[in-house]
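Per-entry structural report
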Amino acid sequence: MLDHLITPLAETDDCAAIRDAVTAICDRFDDAYWSQKDREAAFPYEFSQAIAEGGWLGIAMPPQYGGAGLGITEASVMMQVLGASAGTFAACSTVHINIFGPHAIVVHGTEAQRQRMLPPLIKGETRACFGVTEPDAGLDTTKLKTRAVRDGDRYIVNGRKMWTSTAQEADYIVLLARTTAIEDCKKPTDGLSLFYTKLDRKYVEAREIHKMGRAAVDSNALFIDGLPIPVEDRIGEEGMGFRYILDSLNPERILNAAETIGIGRRALAKAAQYANERIVFDRPIGKNQAIQHPLAESWAELYAAELMTLRAAKLYDEGKPCGAEANAAKYLAAEASFTACDRAVRTHGGMGYACEYNVERYFREAVATRLAPVSRELILCYLAERVLGLPKSY
Ligand SMILES: Cc1cc2nc3c(=O)[nH]c(=O)nc-3n(C[C@H](O)[C@H](O)[C@H](O)COP(=O)(O)OP(=O)(O)OC[C@H]3O[C@@H](n4cnc5c(N)ncnc54)[C@H](O)[C@@H]3O)c2cc1C
């Protein structure tokens, strides 16, 4: 394949070392491995283990808990490599929650919580899932209905979550639930609390959702029925959970953008290779400008998205505001990647539709990046309001 097309920019020696080391791990898991995982909807334990053994899960976690103490810039280089690997989005989703999920614990947890919760996540001994989305709330998180009711030194939780990824494998959950009824709160964003607790299957049923792509990594509807959560599993103050989640949105958007750019880059590299090799009308199809131009355009679009992602990561790591850049990066990356995957399928003609060439798998995975963790529409609403000064529309 055309390796230079899938290699992320690495502007420091650290980034280059991370890129090369993570690439070496990813190269052990080829298209045949991921294609089988996708076909069988089987979790990629071997890959997950290899990343954990390499010590990569703690890349952005503090060193005193076993992490590497690096920034979102370095973590995004790592995640772009995963996105550009044969596993594309599935490879990223296998470890995504370990990389970004503990952020709220680092920032808002007590020292005792950090010592108890972070090392097993960083070593890959525990797997966590992320329970925010609900069937009846959608993107309007303040409307979520899962209730956590205080009962002495514990909370009892009842409710439903939707799309919770990796809940079939996870033993812990980052859970957002309402602790004060919305009518009793000054603002709808008040009264939500954040927990990091055992996913006790006596009280939680995880029903897998059959979906279009990323079959190797499950997503689930959760039915929570009387789950007891000890008070010491609440992160930060009661009622402040929404704000804690907001804090971690920017790094998540940046990492997600990097992952997505990786997917588009891999599809583009496959398309360029095929366009050079496939002979029709006695010449490579890549000699036709109708094939060349869309691929060249995708290269430029992915590069622009990568620069915006690096800019957002740099601002975040410097402790500067980066909401506009992080959202713009996520938007540009998803659009560029989806388009590149679509073009890769079409460049392959009929064979683009055949599983053998893998581009149809990349395409199916890229579709999800325009929907989650936040949709393209909601990003544009945010930019219109916060950057352009237009009235809030949601
Ligand atoms: C593969 C996958 C994995 C996921 N993993 C997780 C996970 O691990 N944990 C988790 O909590 N969630 C997860 N999600 C859920 C994901 O974050 C949500 O699907 C996403 O936030 C969108 O919410 P929704 O599906 O309820 O869409 P809805 O809120 O129902 O929106 C539907 C459509 O309407 C549009 N829309 C809604 N309101 C407006 C408005 N005011 N203006 C303009 N457009 C609007 C949206 O943009 C969207 O296109 C996952 C989703 C997918 C697809």
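Scroll up to find the structure.
So, a few notes on the structure that sits alongside this text. Predicted model only: the values in this text are computed from it and were never measured.

Calculation criteria
- Residues numbered from 1 in each chain as written.
- Predicted model: local features only at pLDDT ≥ 70, side-chain atom pairs only at ≥ 80, totals over all residues.
- Heavy atoms only, no water.
- Near = heavy atom within 4 Å.
- Polar contact = N/O pair within 3.5 Å; in protein donor to acceptor, adjacent residues only side chain to side chain.
- Areas by Shrake-Rupley, 256 points an atom, 1.4 Å probe, with all protein chains shown as cover.
- Helix = DSSP H or I, 4+ residues; strand = E, 2+ residues; numbered from the N terminus.
- Nonpolar A, V, L, I, M, F, W, Y, C, P; charged D, E, K, R; others polar.
- Patch = residues over 30% accessible without salt bridge, like charges linked within 9 Å, V, L, I, M, F, W, Y side chains within 5 Å.
- Salt bridge = Lys/Arg side-chain N within 4 Å of Asp/Glu carboxyl O.
- Buried < 20%, exposed > 50% of the residue type's maximum accessible area, 1.4 Å probe, protein only.
- Pairing = 2+ DSSP bridges.
- Lys, Arg positive; Asp, Glu negative; His and termini not counted.
- Contact = heavy atoms within 4.5 Å.
- 1 Å grid on protein atoms, 1.4 Å probe; cavity = no way out; pocket = protein on both sides within 12 Å on 5 of 7 lines; lining within 4 Å.
- Points joined across faces, edges and corners; volume = space filled by probe spheres on them.
- Expected span 1.5 Å × (residues − 1).
- Bend = angle between axes of the 7 residues up to and from the residue.
- Phe/Tyr/Trp six-rings, centres within 6.5 Å; stacked < 30°, edge-to-face > 60°.
- Lys NZ or Arg CZ within 6 Å of the ring centre and 35° of its normal.

1. Details of the site of the ligand
- Phe-130, Thr-133, Leu-139, Ser-375 and Glu-377 are the nearest of the 18 residues found near the ligand.
- Within the backbone of Leu-139, a nitrogen or oxygen atom sits 2.8 Å from an oxygen atom of the ligand.
- Take Ser-375: an N or O atom from its side chain is 2.5 Å from an oxygen atom of the ligand.
- Across the complex, the protein chains shield 65% of the 980 Å² of accessible surface that the ligand would expose by itself.
- Looking at the shell around the ligand, the elements that each hand over two or more residues are strand 3 (154-165) and helix 14 (376-386).
- Of the residues contributing to the shell around the ligand, the split by class is 10 nonpolar, six polar and two charged.

2. So, a nonpolar patch on the surface
- There is a patch of nonpolar side chains on the surface, built from Trp-299, Tyr-303 and Leu-307 and spanning about 270 Å² of accessible area.
- Along the chain, Leu-307 turns up in helix 11 (residues 289-317).
- Residue classification places Leu-307 among the partly exposed positions, given a relative accessible area of 43%.

3. Focus: the pairing of strand 4 (residues 172-178)
- Within strand 4, six of the seven residues are buried, which leaves it mostly tucked inside the rest of the structure.
- When strand 4 meets strand 5 (residues 192-198), the two strands line up antiparallel, connected through seven bridges. When the bridges of strand 5 are listed, Tyr-172 appears paired with Lys-198.

4. Thoughts on the side chain of Lys-330
- Along the chain, Lys-330 falls in helix 12 (residues 323-347).
- Buried Lys-330, no salt bridge; nearest opposite-charge side chain is Glu-335, N-O distance 7.6 Å.
- Residue contacts for Lys-330: discarding those within four places in its chain leaves Arg-253, Asn-256, Ala-257, Thr-369, Ala-372, Pro-373, Val-374 and Ile-379.

5. A few points about empty space enclosed by the protein
- Enumeration over the complete set of coordinates arrives at three cavities of 30 Å³ or more.
- Approximately 70 Å³ is the volume found for the largest cavity.
- Looking at the largest cavity, the residues that line it are Ser-48, Ala-52, Leu-57, Thr-94, Val-95, Asn-98, Gly-124, Thr-126 and Arg-127.
- Mapped by element, the contributors of at least two residues to the lining of the largest cavity are helix 4 (45-53) and helix 6 (88-100).
- Forming the boundary of the second largest cavity are Pro-8, Leu-9, Ser-76, Val-77, Gln-80, Ala-258, Ile-261, Glu-306, Thr-309 and Leu-310.
- Elements with a minimum of two residues in the lining of the second largest cavity: helix 5 (72-84), helix 10 (249-277) and helix 11.
- A class-by-class count of the residues in the lining of the second largest cavity yields six nonpolar, three polar and one charged.

6. Comments concerning helix 8 (residues 111-123)
- Over its 13 residues, helix 8 runs 18 Å from end to end, which matches the ideal 18 Å to within 8%, given 1.5 Å per residue.
- A maximum bend of about 25° is found in helix 8 at Met-117, where proline Pro-119 lies one to four positions downstream.
- When we look at burial in helix 8, the residues that qualify are Gln-113, Arg-114, Met-117, Leu-118, Pro-119, Pro-120, Leu-121 and Ile-122.
- On the buried face of helix 8, the contacting elements are helix 6, helix 7 (103-108), strand 1 (128-131), strand 5 and strand 8 (234-235).

7. Some thoughts on the pattern of salt bridges
- Enumeration over the complete set of coordinates arrives at 24 salt bridges.
- Arg-361 is the salt-bridge partner of Asp-31, the closest N and O atoms lying 2.9 Å from each other. Note that Asp-31 is positioned in helix 3 (residues 31-40) and Arg-361 in helix 13 (residues 359-369), a separation of 330 residues in sequence. Exposure class is identical for Asp-31 and Arg-361. Each is buried.
- The salt bridge involving Glu-318 is made with Lys-320; its shortest N-O contact spans 2.9 Å.
- According to the relative accessible area criterion, Glu-318 is partly exposed, its value standing at 40%.

8. Description of the layout of surface pockets
- Roughly 360 Å³ of internal volume is contained in the second largest pocket.
- Breaking the lining of the second largest pocket down by element, the ones donating at least two residues are helix 1 (3-6), helix 2 (13-26) and helix 5.
- Class assignment for the residues of the lining of the second largest pocket results in eight nonpolar, three polar and seven charged.

9. A few points about the packing of aromatic side chains
- Within the structure shown, the criterion is met by 11 aromatic pairs.
- Ring centres 5.1 Å apart and planes at 70° place the aromatic pair Tyr-155 and Phe-195 in the edge-to-face group. One end of the pair, Tyr-155, is in strand 3; the other, Phe-195, is in strand 5, with 40 residues separating them in the sequence. For the residue pair Tyr-155 and Phe-195, the accessibility class agrees, reading buried in each case.
- The positively charged end of Arg-370 is found above the aromatic ring belonging to Phe-338, 4.2 Å away from the centroid.
- The lysine or arginine in question, Lys-392, covers the ring of Tyr-394, its NZ or CZ lying 4.5 Å from the ring centre.

These figures come from the coordinates and say nothing about function on their own.
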